[in-house]
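Chain by chain, the residues:
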There are 2 protein chains.
Amino acid sequence: MEPPASPRRVTIVDVARHAQVSTTAVSKVLRNAYGASPEMRAKVRRAIDELGYRPLAAARGMRGRTYTIGVMLPDIRNPFFPEILDGITGCLEDTDYQVLLGPGCNGEKEELRVTEAMIDRGMDGLVLVAPVSSRDRLDHVASVLPTVVVGRHGHSPVYDTVVADDVAGAALVVEHLAGLGHRRIAHVEHHETDPTRTAEMPNAQRADGYRRAMRSLGLDAEIDVVSTTYTQQGGYLGAKELLARALRPTAVFAGADIVAMGVLEAVGEAGLSVPGDLSVVGYDNTTFAALGPISLTSVDQAGREIGRNAARLLLERIADRGKPSVQVKLSPTLVERRTTARPGA
Amino acid sequence: MEPPASPRRVTIVDVARHAQVSTTAVSKVLRNAYGASPEMRAKVRRAIDELGYRPLAAARGMRGRTYTIGVMLPDIRNPFFPEILDGITGCLEDTDYQVLLGPGCNGEKEELRVTEAMIDRGMDGLVLVAPVSSRDRLDHVASVLPTVVVGRHGHSPVYDTVVADDVAGAALVVEHLAGLGHRRIAHVEHHETDPTRTAEMPNAQRADGYRRAMRSLGLDAEIDVVSTTYTQQGGYLGAKELLARALRPTAVFAGADIVAMGVLEAVGEAGLSVPGDLSVVGYDNTTFAALGPISLTSVDQAGREIGRNAARLLLERIADRGKPSVQVKLSPTLVERRTTARPGA
């Protein structure tokens, strides 16, 4: 059996005829070129919608663009990443750009596969969220395609970065807990294997910020870091380890809300209460943290704002490949909820 | 300023030289053709990894394939969809296929945009999860590209479907609650606007299953459906409406776990307790439902199994465009947790 034949493709000529304008006018609107009036745009857009016209991305690609932006996320289960994505798609809403996502790719090998796939498929630009690839690799990707790196610190001459100040965010958490009277404040971090990458990763910066804040409060002896992963399972395992300590911490700073989910799971399993037996703080201020029965104290790093900035910088870089690289750093805030209280409260 | 020049692309000749095999052998391995021994495959794969070789998707595309599968999800915030995605990527792991996701596209217009983008970008096949587009539109997409539709009931000669039995799932919920002694069991559904689409949508099937189960238990007079959306916000608004009733329901069947999240939020805000004042049941059995402080009774529709089936059917259809269409239907199970109990328990 042969596949059914595709219906005839609608062409620019059909659109022009339907809109009762010239093909040049249609072409101008399609290219977002100057010189097309708002009325003309509306007319052409309506004809495009009514006829279901679409320019072949491949054909457009030959003329230089496919109007596709690839976004690589490390983990689609982490409820923080949809916030960034909302910011990106919100910024692109009134453009012809379409976002395609690489699914969760935690690890250098998967990142290689996804970025190569996106390059091969002719994307116009990439947003890489918290990539773990080497700097050389990122520089290479950015030399091939306009690239914005989100959530990873460190400057490159070839790509732009958007980060939140993770050291400051961790300090907000430690100061909040110490202010409530906690001293034994532990931290569940995402394990970082590569020493050259360490300083650039948001997780490493949070762990560093935690250590620095503890020291500046004279709590050096209480520093207690468990290394797992930024997943629910990681939080669960980290908390199990902390709860088994001879002298249990009275507060846990989870490096991400999804980690805090796992911490809460382990605390519940152990028959302990939050915040009575243990105060818990997350990071990212996801919709999950705001949820009534959870009501998690968390750090808000303004994911949508991060996404908006990333999309804006990428459009600028697509328009001018050679522009100097830009670094945007946003300041986080602490959102206090019901998972933190005085020790033994 | 000109963009920096890309480094020279690694070719199949480099790979053959590095692996000390013929270019024909490399080509065989790349095409997954018969006649390449496991040793040969390993050798070539190693050389490919070491040199960072990648066949140009566009070039492969001209030979008929791009080894890209587009997956369209209605909402990346809903924690059920990563389960389906895990099933898809798990099934494709040992193949050359790369998955790219269309970000949340709730609505016909956005679905049109995403599916057209995927067709334009030369994907080899599509998995559409709970699409709301018209049957004509789905048939059209499937006539252009091999397509599997997930979670939407109804048969088509041109695409395969994978669904869970939503009517049976809803009956499990109602029977569980009635078995505990509940009579005033309300349902928060996802509002369906299009009457011709209604019968095919999973949300409509769940609402239908709820009504049927209530009737078969003699609870016709207690049927109470609030129409919102399958989002946390939808659950929140639906529960607010139900809690304002003169005679409050004693149990709420939320059509999805993400809806139950919103219900729990509203219940907490109203100062009521679960399950003491209200039993709550979700649907999808996400990792969120299993979480200690939540411990949500939910229907497990085996998302990974759904994803695995979808990927398998798609690979079969890519290999044979003309094969008869297949419908897979999986049976859901109920997972009882702590959000359900006797009324007033």
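Analysis parameters
- Residues numbered from 1 in each chain as written.
- Chains lettered and ligands numbered in written order.
- Predicted model: local features only at pLDDT ≥ 70, side-chain atom pairs only at ≥ 80, totals over all residues.
- Heavy atoms only, no water.
- Contact = heavy atoms within 4.5 Å.
- Buried area = accessible area lost by both parts, 1.4 Å probe.
- Salt bridge = Lys/Arg side-chain N within 4 Å of Asp/Glu carboxyl O.
- Polar contact = N/O pair within 3.5 Å; in protein donor to acceptor, adjacent residues only side chain to side chain.
- Helix = DSSP H or I, 4+ residues; strand = E, 2+ residues; numbered from the N terminus.
- Nonpolar A, V, L, I, M, F, W, Y, C, P; charged D, E, K, R; others polar.
- Pairing = 2+ DSSP bridges.
- Axes fitted to C-alpha atoms, helices over the stretch in contact; angles between N-to-C directions.
- 1 Å grid on protein atoms, 1.4 Å probe; cavity = no way out; pocket = protein on both sides within 12 Å on 5 of 7 lines; lining within 4 Å.
- Points joined across faces, edges and corners; volume = space filled by probe spheres on them.
- Domains from an automatic or database assignment.
- Buried < 20%, exposed > 50% of the residue type's maximum accessible area, 1.4 Å probe, protein only.
- Right-handed = clockwise from strand over helix to strand, strands pointing away.
- Least-squares fit on C-alpha atoms with pLDDT ≥ 70 in both.
- Parallel < 35°, antiparallel > 145°, perpendicular 65-115°, else oblique.
- Left-handed = near helix turned anticlockwise from the far one by under 90°.

Attention now goes to the interface of chain B and chain A. Every contact between the two is made by 61 residues of chain B and, on the other side, 60 residues of chain A. Summed over both sides, the interface of chain B with chain A buries roughly 4,800 Å², with 57% coming from carbon and sulfur. Seen at the junction of chain B and chain A, the total is 4 salt bridges. A salt bridge links B:Arg77 to A:Glu83; the shortest N-O distance between them is 2.8 Å. Taken together, the links from chain B to chain A amount to 13 residue pairs in polar contact (both at pLDDT 80 or more). Of all the elements in the fold, those that place two or more residues in the side of chain B that touches chain A are helix H4 (57-62), helix H5 (81-92), strand E2 (98-102), helix H6 (108-120), helix H7 (135-144), helix H12 (257-269) and helix H13 (287-290) of chain B. Of the residues that constitute the side of chain B that touches chain A, the class distribution is 31 nonpolar, 13 polar and 17 charged.

Below, the discussion takes up the sheet that holds strand E8 (residues 251-254) of chain A. Backbone-to-backbone hydrogen bonds pair the strands of a sheet. The strands run either parallel or antiparallel. Residue and element names in this part refer to chain A. With mixed pairing, 6 strands are arranged side by side in an open sheet as E7-E6-E8-E9-E10-E12. Edge positions in the sheet fall to strand E7 (224-228) and strand E12 (333-335), since each has one partner strand and no second. If you compare each strand with its neighbour and ignore which way they point, the axes differ by 20 degrees on average. As defined by bridge partners, strand E10 (residues 297-300) adjoins E12 across 3 bridges and the pair is classed as antiparallel. Directly across from Ser298, in E12, lies its bridge partner Val335. Sitting on the sheet, helix H8 (residues 166-179) is in contact with strand E6 (185-190), E8, strand E9 (279-283), E10 and E12, with an inclination near 165 degrees to E9. With respect to the sheet, helix H10 (residues 202-216) is in contact with E6, E7, E8 and E9, its orientation differing from that of E6 by roughly 160 degrees.

What follows concerns empty space enclosed by the protein. Residue and element names in this part refer to chain B. Under the defined criterion, the tally for this structure stands at 1 cavity of 30 Å³ or more. The calculated volume of the largest cavity comes to roughly 380 Å³. Along the walls of the largest cavity sit 26 residues, with Pro74, Phe81, Ala130, Pro202 and Tyr230 positioned nearest its centre. Mapped by element, the contributors of at least two residues to the lining of the largest cavity are H5 and helix H10 (202-216). With 3 residues, H10 is the largest single contributor of residues to the lining of the largest cavity. When grouped by side-chain class, the residues that make up the lining of the largest cavity number 15 nonpolar, 6 polar and 5 charged. Here the lining of the largest cavity spans two domains, since at least three of its residues come from each of domain 2 (68-164 + 303-329) and domain 3 (166-300).

All names here are of chain B. Among the 5 residues of strand E9 (residues 279-283), 5 are classified as buried, and the element is accordingly described as predominantly covered. Burial along E9 is two-sided: the face carrying Ser279, Val281 and Tyr283 and the face carrying Val280 and Gly282 are both buried. Bridging between strand E8 (residues 251-254) and E9 involves 3 bridges; their strand directions are parallel. Within E9, the residue paired with Phe253 across the bridge is Val281. In this region the chain leaves E8, passes through H12 and returns to the parallel neighbour E9; the handedness of that crossover is right-handed.

Turning to the side chain of B:Thr161, a few remarks are in order. Tracing the sequence through the fold places B:Thr161 in strand E5 (residues 160-164). Ignoring any residue separated from it by four or fewer positions in sequence, one finds B:Thr161 in contact with B:Val149, B:Arg152, B:Gly154, B:Leu313, B:Val326, B:Gln327 and B:Val328.

Right, let's get into the relation of the copies chain B and chain A. When chain B is fitted onto chain A, the two copies agree to an RMSD of 0.1 Å after a turn of 180 degrees and an axial shift of 0.1 Å. One copy is carried onto the other by what is essentially a two-fold rotation axis. Of the C-alpha atoms belonging to chain B, the one lying closest to the rotation axis is found on B:Leu101, 2.4 Å away. Residue by residue, 98% of the interface of chain B is reproduced at the interface of chain A, so both copies engage with the same surface.

The subject of this paragraph is the environment of A:Gly125. All names here are of chain A. Tracing the backbone shows Gly125 in strand E3 (residues 125-129). Using a relative accessible area of 0% as the deciding quantity, one classes Gly125 as buried. A sequence separation of 58 residues divides Gly125 from Tyr67, and the C-alpha atoms of the two residues are 8.8 Å apart.

Looking now at the packing of helix H1 (residues 12-19) of chain B against helix H3 (residues 38-51) of chain B. All names here are of chain B. With their axes 9 Å apart at the nearest point, H1 and H3 run at an angle of 120 degrees to one another. Relative to H3, H1 is oriented oblique. Judged by the sense of rotation from one axis to the other, the crossing of H1 with H3 is right-handed. Each of Asp14, Val15, His18 and Ala19 in H1 lies in contact with H3, whose residues at this interface are Lys43, Val44, Ala47, Ile48, Glu50 and Leu51.

All names here are of chain B. Counting through the fold element by element, Gln301 comes out in the loop between strand E10 (297-300) and helix H14 (303-319). Of the polar contacts made by the side chain of Gln301, one reaches the side chain of Asp284; its length is 2.7 Å. When near neighbours in sequence (up to four residues on either side) are disregarded, Gln301 contacts Phe80, Ala164, Asp166, Arg206, Tyr283, Asp284, Ile306 and Pro332.

So, on to the domain arrangement of chain A. Partitioning chain A into domains gives domain 1 (12-55), domain 2 (68-164 + 303-329) and domain 3 (166-300). Computed over C-alpha atoms, the centres of domain 1 of chain A and domain 2 of chain A are 31 Å apart.

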